[in-house]
Amino acid sequence: MTTDLAPALVSDVKQLMDEARQRVAASVNAELTLLYWRIGKRIQTEELSGERAEYGKQVLAGLSKTLTQEYGRGWSEKTLRHCLHAVETIPEEILSTVCAQLSWSHLKLLIYLDDDLKRFFYLEMAAMDRWSVRQLSERIQSMLYERTALSKKPEETILNDLAQLREQKMSPDLVLKDPYLLDFLGLNDRYLEKDLEDAILRELEQFLLELGAGFAFVARQKRLQIDDDDFYIDLLFYNRKLKRLVALDLKLGDFRAEYKGQMELYLRWLARHEQEPGEEPPLGIILCTGKKQGEQIELLELDKSGIHVAEYLTVLPPREELHARFRRAIKSARQRLGEE
């Protein structure tokens, strides 16, 4: 005689088993990551005790041979160098906060980045949003850090905003970018603002990924009725992590000062008529094909109005040229901030 099992019973038991399996996997992952780091720390201590430069190479070669004999493959000299480099680039107190979310494969991508602030940015963002190794690699390749508003801030501000991430508090500077890479839209050299808007909606999923974490589409050509006039926001989004509406205005050509007044009007209307209790004030993004990096934008004090001006690129220049451009922008912004 067979008894028919209640579907709810089977579902609940399977869920319990799946959740336990996930916890075990996360625990094992964290222990392995900490193991690699601690092995690196012990190697570092041993190397420092040696008086000759050659001693370090002998340590790695000898330890690799012994571990391989006793534990099998996976303990090459290259792996041990990764362990050593992890110790040199990631403090244990930071590692211990992210090791449950990030694997050793994640860390191997991060430990060879050439900038500490960039490394900590990717470390915290990958842990918070649970990026896969592939997603992390893609974001590094797209120079996400260099394109964030945060990268152009003083070092103290960057470190403070990254520390806030551990408390699940995200600043707009971590989300906003400049430029936005829209090569996936497939636009030719000549197009209208409507063509750009149409292309974004066709590739909405990819566009949301480029916008960043937490964005959700709300409306196209959002109508605002003010007195007897109608105004339209090109695209309206909501960011769950920032807990605020984000109005996006698309412009062809360089940024112009009058765009600020138009966006301020949109943001104040949204704050009065659309902002819900507990939400932060709306933000505005003005996307242009170009903008001057000098005094005009500085004098407008756009940050105080919650407005971010950024370029968008529909055709990407060579990676080296793009990287050099970001470096110049970051250096210039930090120099201006240092003069204030």
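Described in the following lines is the structure provided in the data block. (Residues numbered from 1 in each chain as written. Predicted model: local features only at pLDDT ≥ 70, side-chain atom pairs only at ≥ 80, totals over all residues. Heavy atoms only, no water.)

### Observations regarding the overall build of the chain
The condition is simple: Each helix is a run of H or I in the DSSP string that is no shorter than four residues. Each strand is a run of E no shorter than two, and both are numbered from the N terminus. Summary of the burial criterion: residues with accessible area below 20% of their type's maximum are buried, those above 50% are exposed, and those between are partly exposed, where the area comes from a 1.4 Å probe applied to protein chains only. Throughout, a contact is declared for two residues whenever any of their heavy atoms are within 4.5 Å. For accessible areas, the Shrake-Rupley method is used with a probe of radius 1.4 Å. Any residue's cover is judged against the shown protein chains and nothing else. Residues scored as positive are Lys and Arg, those scored as negative are Asp and Glu, and His as well as the terminal groups of each chain are ignored. Charge coordinates come from a single atom per side chain, which is NZ of Lys, CZ of Arg, CG of Asp or CD of Glu.
Looking only at helices and strands, the chain has 15 helices and six strands in total. Structurally, the chain occupies a C-alpha span of about 80 × 75 × 40 Å along its principal axes. Of all 340 residues assigned to the chain, the portion counted as buried reaches 44%. If you take every contact in the chain between residues at least 6 apart in sequence, the share linking residues at least 24 apart comes to 64%. With the model as given, the accessible surface of the chain reaches about 19,500 Å², and the carbon-plus-sulfur share is 49%. On the chain, the mean spot of the 49 positive side-chain charges and the mean spot of the 58 negative ones are 4 Å from each other.

### Comments concerning the environment of Ile90
For Ile90, the location among the structural elements is in the loop between helix 3 (77–89) and helix 4 (92–98). Along the backbone, Ile90 and Val175 are 85 residues apart, and their C-alpha atoms lie at a distance of 24 Å. For Ile90, the contacting residues outside a window of four places in its chain are Trp37, Leu95, Leu107, Ile111, Arg119 and Leu123.

### A closer look at helix 3
Stated precisely, the cut-off is as follows: The span you would expect from a helix comes to 1.5 Å times its residue count less one.
In this model, helix 3 (13 residues) spans 18 Å end to end at C-alpha, consistent with the 18 Å of a helix rising 1.5 Å per residue. Turning to helix 3, its buried residues are Thr79, Leu80, His82, Cys83, Leu84, Ala86, Val87 and Thr89.

### Overview of the pairing of strand 3 (residues 229–239)
Definition in use: For two strands to pair, DSSP has to find at least two bridges joining them.
Relative to strand 3, strand 2 (residues 215–226) is paired through 10 bridges, and the arrangement is antiparallel. Across the sheet, residue Gln225 finds its bridge partner in strand 3, namely Asp230. What sits between the antiparallel neighbours strand 2 and strand 3 is a turn of two residues, in which Asp227 has the positive phi angle 55°. Hairpin connection from strand 3 to strand 4 (residues 244–250): four residues lie between these consecutive antiparallel strands, with Lys243 at a positive phi of about 55°.

### Some thoughts on the sheet that holds strand 6 (residues 307–313)
Working definition: the strands of a sheet are paired by backbone hydrogen bonds and lie parallel or antiparallel to each other. We count it as follows: All axes are obtained by fitting lines to C-alpha atoms, using only the stretch in contact for helices, and the reported angles, taken between N-to-C directions, cover 0 to 180 degrees.
Strands sit in the order 1-6-5-4-3-2 across an open sheet of six strands; the sheet is mixed. Across the chains shown, the open sheet's two edge strands, defined by having one partner strand only, are strand 1 (180–181) and strand 2. Where strand 1 lies against strand 6, two bridges are found, and the strand directions are parallel. Across the sheet, residue Leu181 finds its bridge partner in strand 6, namely Leu313. Here helix 11 (residues 193–202) sits on the sheet and contacts strand 2, strand 3, strand 4 and strand 6; the angle it forms with strand 2, its principal contact strand, is near 140°.

### Topic: the pattern of salt bridges
What counts is decided by this rule: Definition used for salt bridges: Asp or Glu carboxyl oxygen within 4 Å of a side-chain nitrogen of Lys or Arg.
Enumeration over the complete set of coordinates arrives at 21 salt bridges. Where Glu301 meets Lys304, a salt bridge forms, and the shortest distance between an N and an O atom there is 3.2 Å. Each of the salt bridges in this network shares a partner with another, and the network as a whole consists of Lys194, Glu197, Asp198 and Arg220.

### Describing the packing of aromatic side chains
Given two aromatic rings, their pairing is described by the distance between the two centres and the angle made by the two planes. Where we set the bar: Stacked, tilted and edge-to-face pairs are distinguished by plane angle, under 30 degrees for stacked and over 60 for edge-to-face with tilted covering the rest, among Phe, Tyr and Trp rings (Trp via its six-membered ring) whose centres lie within 6.5 Å. For a ring to carry a charge above it, either NZ of a lysine or CZ of an arginine must fall within 6 Å of the ring centroid while also lying within 35 degrees of the normal to the ring plane.
The final tally for this structure, using the stated rule, is eight aromatic pairs. Here Phe121 and Tyr122 contribute two aromatic rings whose centre-to-centre distance is 5.2 Å and whose plane-to-plane angle is 75°, an arrangement assigned as edge-to-face. Both residues of the pair, Phe121 and Tyr122, belong to the buried class. Centre to centre, the rings of Phe255 and Tyr259 are 5.8 Å apart; their planes meet at 75°, and the pair counts as edge-to-face. An identical accessibility class is assigned to Phe255 and Tyr259; each is buried. Put simply, the rings of Phe207, Phe215, Phe217 and Phe237 touch in pairs and so form one group of aromatic residues. The residue whose ring lies beneath Arg139 is Trp131, and the NZ or CZ to ring-centre distance is 4.7 Å. Its end group placed over the ring of Tyr259, Lys251 keeps NZ or CZ at 4.6 Å from the ring centre.

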